[in-house]
Amino acid sequence: MAWDFETDPEFEEQLQWMRDFIDSELIPLEPILREITPAEWAPVKAYLQEQVKARGLWGAFLDPKLGGPGFGQLKLALMSEIIGRCMMSMTIFGVQAPDSGNMELLAHGATDEQKERWLWPNLRGEISSAFALTEPFLAGSDPTVIGTTATRDGDEWVIEGHKWFITNASTADITLVVAETNPEGRPHKHASILIVPAGTPGMEIVRDIGTMAHPDVVEGRPGNHAELRFHDCRVPLDHMIGAPGDGFVLAQQRLGGGRIHHAMRWLGQAQRSLDIMCERAVSRSSHGSLLAQHQMVQDYVALSHTEIQAARLLTFQTAWKMDKYGASRVRAELGMIKAHVSKVVLAVLDRTIQVCGALGYSSDLPVEEWYRSTRFGPIGDGPDELHKSVLARTILKGYTPVEGWPTEHLPSRRPAAEEKWRALQAAAGVA
Ligand SMILES: Cc1cc2nc3c(=O)[nH]c(=O)nc-3n(C[C@H](O)[C@H](O)[C@H](O)COP(=O)(O)OP(=O)(O)OC[C@H]3O[C@@H](n4cnc5c(N)ncnc54)[C@H](O)[C@@H]3O)c2cc1C
């Protein structure tokens, strides 16, 4: 009976180190983080990253055969939950999007020479990367239709197109651009992935887009989302990852485990938010009693705790299944947890803001910023509607249509029930 909810003691030690490290080295910086310039941050970031590397916890999402420590999804899920408690932890642990997904893609699709050039430096944190799929004038949720093209001209690919919402593209050293090279291969074998190094003529960074997370965007900062135009943008043939037409399948490599890690990071944030809610509830009084004694506030606390625990178990189970059976067997579940947990975290953040009142709405607490940043969850990485639709279709495949009454129609089942009853009576020796 192998049904075990305990963590191996050695790995629990690693997790405890992570909790202590994040609580003592990273969370204390939050109140001043925005005032630290990228140049001031760089050496301190490297110092913190070295400690994570020394502990063997750096870039932990890659399999050993792809150059990583090979923890598997369940351990990564446990790590992601801790990383999610503090937004800056992702960079310190080398699991920040979009680099992590890009590295998975390169690990699967790049040649040895391309890995030397882009994957290993990205994994070591020496270069950063962006991933450019979404376009302003086509639905990003449907990557079977891509307007950006790449055509071969001698020993170069020439890219023409328009992308937007490309995280880190204005600061990244390389951008992985998804472009159509094989229109005859639509819907799944039409696209390719090309590496465009920063500064390549013909790649114009139009702007960094203001968002809910950063309405007053400071241009050129990591974490921004850029609009890009490509016109006569030329890269050598060896800048294509995989073969022409492989782009769609390669892009899927970015997504599998990433959804588990997203979900667990959101749950780490949700738990920290619930801690803030509970502390406030036991500290402040209204109408003669603590907020914690008002039953509606108790409902918020109980509901939030229950939702977090249920979502954790669902995510852990999906991670366990992925380790046991592989990503292709859990495709619908990966979408299910992404769509479910993105709602749970927003609900918990929203209740925390409510219980903290005006303080919750203010930027004196970190929750309003988390709420604004995390609101991308139901949209990004495929909108939740799409994941729910895949899940529903997967479930429905297990059912066959019936003619006439449903299988469970009680009057129709009556003759069989009477016959069964007579048989059981006879077997029991009842006259
Ligand atoms: C913070 C942030 C960072 C991002 N980073 C990147 C990045 O680095 N690189 C990149 O390429 N993209 C990035 N994106 C873009 C993201 O991937 C897209 O926003 C997402 O795929 C949705 O595409 P869209 O915005 O064009 O919405 P659309 O495709 O126009 O969809 C809009 C809405 O329509 C509904 N809808 C769409 N399809 C269906 C369906 N089949 N069934 C039911 N309803 C549906 C959903 O409500 C959906 O939200 C980022 C987005 C955000 C917000």
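Going by the structure above, here's the rest.
Residues numbered from 1 in each chain as written. Predicted model: local features only at pLDDT ≥ 70, side-chain atom pairs only at ≥ 80, totals over all residues. Heavy atoms only, no water.

Mind showing me how you'd approach the overall build of the protein here?
Looking only at helices and strands, the protein features 13 helices and ten strands. In terms of overall dimensions, the protein has C-alpha extents of about 90 × 65 × 45 Å along its principal axes. By the burial criterion, 44% of the 431 residues in the protein qualify as buried. Of the contacts made within the protein by residues no fewer than 6 positions apart, 73% connect residues no fewer than 24 positions apart. Only carbon and sulfur atoms are counted for the fraction: they give 56% of the accessible area of the protein, which is about 22500 Å². (Helix = DSSP H or I, 4+ residues; strand = E, 2+ residues; numbered from the N terminus. Buried < 20%, exposed > 50% of the residue type's maximum accessible area, 1.4 Å probe, protein only. Contact = heavy atoms within 4.5 Å. Areas by Shrake-Rupley, 256 points an atom, 1.4 Å probe, with all protein chains shown as cover.)

Explanation requested: the site of the ligand in the structure shown.
The immediate surroundings of the ligand are formed by 16 residues, with Phe131, Thr134, Ser141, Phe165 and Glu385 found nearest. A distance of 2.8 Å separates an oxygen atom of the ligand from a polar atom in the backbone of leucine 133. Contact distances for the ligand include 2.7 Å between an oxygen atom and a backbone N or O atom of glycine 140. Burial of the ligand by the protein amounts to 64% of the accessible area it has alone, namely 980 Å². Along the lines of polarity and charge, the residues of the shell around the ligand split into ten nonpolar, five polar and one charged. (Near = heavy atom within 4 Å. Polar contact = N/O pair within 3.5 Å; in protein donor to acceptor, adjacent residues only side chain to side chain. Nonpolar A, V, L, I, M, F, W, Y, C, P; charged D, E, K, R; others polar.)

I would appreciate a short explanation of the packing of helix α8 (residues 256-281) against helix α11 (residues 367-374) in the present structure.
A pair of packed helices is captured by two measures, namely the crossing angle of their axes and the spacing between those axes. Closest axis-to-axis distance for the α8/α11 pair is 11 Å, and the angle between their directions is 155°. Viewed along their axes, α8 and α11 adopt a mutual orientation that is roughly antiparallel. Two packed elements cross with a definite hand, and for α8 against α11 that hand is left-handed. Contact residues: α8 offers Trp266, Gln269, Arg272, Ser273 and Ile276, while α11 offers Val367, Trp370 and Thr374. Taken together, the residues that form the contact of α8 with α11 break down as four nonpolar, three polar and one charged. (Axes fitted to C-alpha atoms, helices over the stretch in contact; angles between N-to-C directions. Parallel < 35°, antiparallel > 145°, perpendicular 65-115°, else oblique. Left-handed = near helix turned anticlockwise from the far one by under 90°.)

Hey, could you run me through unusual backbone geometry in this one?
Excluding glycine, residues mostly have negative phi values, and the peptide bonds linking residues are mostly trans. In this chain, alanine 97 is followed by proline 98 through a cis amide linkage whose omega measures 0°. In this chain, arginine 186 is followed by proline 187 through a cis amide linkage whose omega measures 10°. Summarising the element assignment, proline 187 is placed in the loop between β4 (174-180) and β5 (191-197). Phi is positive for phenylalanine 165, which is not a glycine, with a value near 65°. When its relative accessible area of 38% is taken as the criterion, phenylalanine 165 is described as partly exposed. Although it is not a glycine, histidine 287 adopts a positive phi angle of roughly 50°.

What exactly am I supposed to notice about the nonpolar core here?
Proteins that are soluble and globular tend to have nonpolar side chains buried together. Judged by nonpolar contacts, the single largest core of 80 residues is most densely connected at Met18, Phe21, Met79, Phe93 and Ile241. No other element matches helix α10 (residues 331-361), which puts eleven residues into this core. Sequence-distant contacts of methionine 18, that is, excluding residues within four places in its chain, are made with Leu57, Met79, Ile82, Ile83 and Phe93. One finds Ala130, Met203, Ala226 and Leu228 within the second-largest nonpolar core, a separate group that totals 19 residues. (Core = buried A, V, L, I, M, F, W, Y, C linked by side-chain atoms within 4.5 Å.)

In this structure, what is going on with helix α1 (residues 9-26)? I would like to understand it.
Residues spaced three or four apart along an α-helix face the same direction, because each turn holds 3.6 residues. Over its 18 residues, α1 runs 25 Å from end to end, which matches the ideal 26 Å to within 8%, given 1.5 Å per residue. Of the positions making up α1, those classed as buried are Phe11, Gln14, Leu15, Trp17, Met18, Phe21, Ile22 and Leu26. Down the axis of α1, the buried side of the element spans an arc of 155°, and every buried residue falls inside it. The exposed residues of α1 that point more than 90 degrees off its buried face are Pro9 and Glu13. On its buried face, α1 sits against α2 (38-54), α3 (73-83) and α4 (89-92). (Expected span 1.5 Å × (residues − 1). Arc of directions from axis to C-beta.)

Looking at this model, I keep getting lost on the side chain of serine 342. Mind explaining?
Mapped onto the elements, serine 342 comes out in helix α10. The exposure class assigned to serine 342 is buried, which follows from its relative accessible area of 1%. A polar atom in the side chain of serine 342 sits 2.7 Å from the side chain of aspartate 384. Each residue touching serine 342, except ones within four places of it in the same chain, is listed here: Trp266, Ile337, Gly377, Pro378 and Asp384.

Sorry if this is basic, but what is going on with a negative patch on the surface here?
Residues Asp4, Glu6, Asp8, Glu10 and Glu13 make up a contiguous surface patch of negative charge. Residue class for glutamate 13 comes out exposed when judged on its relative accessible area of 55%. (Patch = residues over 30% accessible without salt bridge, like charges linked within 9 Å, V, L, I, M, F, W, Y side chains within 5 Å. Salt bridge = Lys/Arg side-chain N within 4 Å of Asp/Glu carboxyl O. Lys, Arg positive; Asp, Glu negative; His and termini not counted. Charge placed at Lys NZ, Arg CZ, Asp CG, Glu CD.)

Explain the packing of aromatic side chains here, please?
Each pair of aromatic rings is reported with the distance of its centres and the angle of its planes. Under the counting rule described, the total for this entry stands at six aromatic pairs. Ring centres of phenylalanine 11 and phenylalanine 71 lie 5.4 Å apart, and the angle between their planes is 65°; this geometry places the pair in the edge-to-face category. Of the two residues, phenylalanine 11 is situated in helix α1 and phenylalanine 71 in the loop between α2 and α3; the sequence distance between them amounts to 60 residues. Take phenylalanine 11 and phenylalanine 71: they sit in the same class, and that class is buried. Measuring from ring centre to ring centre gives 6.4 Å for tryptophan 266 and phenylalanine 376, while their planes differ by 65°; the resulting arrangement is edge-to-face. A residue pair is termed long-range when its members are at least 10 positions apart, and tryptophan 266 in helix α8 and phenylalanine 376 in the loop between α11 and α12 (384-396) qualify at 110 residues. Relative accessible area serves as the criterion here: at 39%, phenylalanine 376 is assigned to the partly exposed category. Here the aromatic cluster, defined as three or more aromatic residues joined through ring pairs, consists of Trp17, Phe21 and Phe93. (Phe/Tyr/Trp six-rings, centres within 6.5 Å; stacked < 30°, edge-to-face > 60°.)

Limitation: the analysis is restricted to geometry and does not speak to function.
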